[in-house]
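# Observations on chain architecture
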Amino acid sequence: MKLKKYLFKSVTSTNDIAIKKIKQGKTSGVIIAKKQTKGRGRYGNRWIYLRNNLFMSVFFILKLNLTLSKLTLNSCKIVKKSLQKFLNKKITIKKPNDLLIDKRKVCGILQETLVFKNNQFVIIGIGINVNGSPIIKNYPTTYLNNFTKKKITSFKIYNEIKNNFETYLNK
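This text gives an overview of the structure that appears in the document. (Residues numbered from 1 in each chain as written. Predicted model: local features only at pLDDT ≥ 70, side-chain atom pairs only at ≥ 80, totals over all residues. Heavy atoms only, no water.)

Right, let's get into the overall build of the protein. A count of helical and extended segments in the protein gives 3 helices and 7 strands. Counting from the amino terminus, the protein carries its helices and strands in the arrangement β-α-β-β-α-β-β-β-β-α. Taken over C-alpha atoms, the radius of gyration comes to 15 Å for the protein, in line with the 16 Å a tight globule of 171 residues would show. Each principal axis of the C-alpha distribution contributes one length, and for the protein these read about 45 × 30 × 30 Å. (Helix = DSSP H or I, 4+ residues; strand = E, 2+ residues; numbered from the N terminus. Rg over C-alpha atoms; globule rule 2.2 N^0.38 Å.)

Have a look at this one:
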């Protein structure tokens, strides 16, 4: 399966746009935005926008034999593998949906489901601190380019994640 790319300058949330695309009849794709004004995390928490970070969502029809908890873990592994390509630092998964470097959050993943026209869709929102990280009380954060000699661009990371999701979905 090839995931069509939808690029936006500014959105409320990439997951919101994925929901709109599904309701327009699209069955899969990747939403990427330069700016996100109302990104969200688990339990209604918000994802804090910082310029030049990566905001994206992957959406597709959920296969019947795949549980959401298994998909959450697989999504974390796919993003981890994608990021690990650019770093020599170890990335760990903090269940259920955060990626950490040196016990500091570098990525958050939010999965949502939607039933539309007898299909169950999954939307995987991915926020990655690429060039800066917000200050969050009682939750240390970091960013990818803090650990690299050569600056990584959001576009390179996006492409790696997209390619790894396409490989996963074609199994």
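Moving on, there is more to tell.
Next up on the list: the environment of lysine 21. Along the polypeptide, lysine 21 turns up in helix H1 (residues 14-23). Classification of lysine 21 by relative accessible area gives buried; the value is 15%. In the structure, lysine 21 is positioned 10 residues away from isoleucine 31 in sequence and 9.3 Å away in space, judged by C-alpha atoms. In contact with lysine 21, other than residues within four places in its own chain, are Tyr6, Phe8, Lys26, Ile31 and Phe59. (Buried < 20%, exposed > 50% of the residue type's maximum accessible area, 1.4 Å probe, protein only. Contact = heavy atoms within 4.5 Å.)

A few words on the pattern of salt bridges. For side chains of opposite charge, pairing can occur when their charged atoms come near one another. The full count for this structure, using the stated rule, is 5 salt bridges. For lysine 105, the salt bridge goes to aspartate 98, with nearest N and O atoms at 3.4 Å. Across the pair, exposure class does not vary: lysine 105 and aspartate 98 are buried alike. A salt bridge links glutamate 166 to lysine 162; the shortest N-O distance between them is 2.8 Å. Here the residue glutamate 166 and the residue lysine 162 both occupy positions in helix H3 (residues 154-169), the gap between them amounting to 4 residues, near one helical turn. Overall, the relative accessible area of 6% leaves glutamate 166 in the buried class. One salt-bridge network, in which partners are shared between bridges, spans Lys2, Lys162 and Glu166. (Salt bridge = Lys/Arg side-chain N within 4 Å of Asp/Glu carboxyl O.)

Moving on, we get to the nonpolar core. With 34 residues, the main nonpolar core has Val79, Ile126 and Ile128 as its most contacted residues. Of all the secondary-structure elements, those providing two or more residues to this core are strand E2 (29-36), strand E3 (54-61), helix H2 (68-84), strand E5 (98-101), strand E6 (104-116), strand E7 (119-128) and H3. When residues in this core are grouped by element, the largest group, 6 residues, is from H3. Beyond its immediate sequence surroundings of up to four residues, valine 79 is in contact with Leu99, Cys107, Ile109, Ile126, Ile128, Ile161 and Phe165. By size, the runner-up hydrophobic cluster in this structure holds 11 residues, among which are Ala18, Ile22, Phe59 and Leu114. (Core = buried A, V, L, I, M, F, W, Y, C linked by side-chain atoms within 4.5 Å.)

Moving on: H2. Here H2 is 17 residues long and its end C-alpha atoms lie 24 Å apart, about the 24 Å a rise of 1.5 Å per residue gives. For H2, the full list of buried residues reads Leu71, Thr72, Asn74, Ser75, Cys76, Ile78, Val79, Ser82 and Leu83. Buried-residue contacts for H2 involve E3, strand E4 (91-94), E5, E6, E7 and H3. (Expected span 1.5 Å × (residues − 1).)

In this model, lysine 95 is joined to proline 96 through a cis peptide bond whose omega is 5°. Mapped onto the secondary structure, proline 96 falls in the loop between E4 and E5. Of note in the backbone geometry, asparagine 118 takes a positive phi value of approximately 65° without being a glycine. Within the secondary structure, asparagine 118 sits in the loop between E6 and E7. Unlike most non-glycine residues, asparagine 138 shows phi in positive territory, near 65°. On the secondary structure map, asparagine 138 appears in the loop between E7 and H3. When its relative accessible area of 74% is taken as the criterion, asparagine 138 is described as exposed.

Spatial relationships are all this shows, so hold off on functional conclusions.
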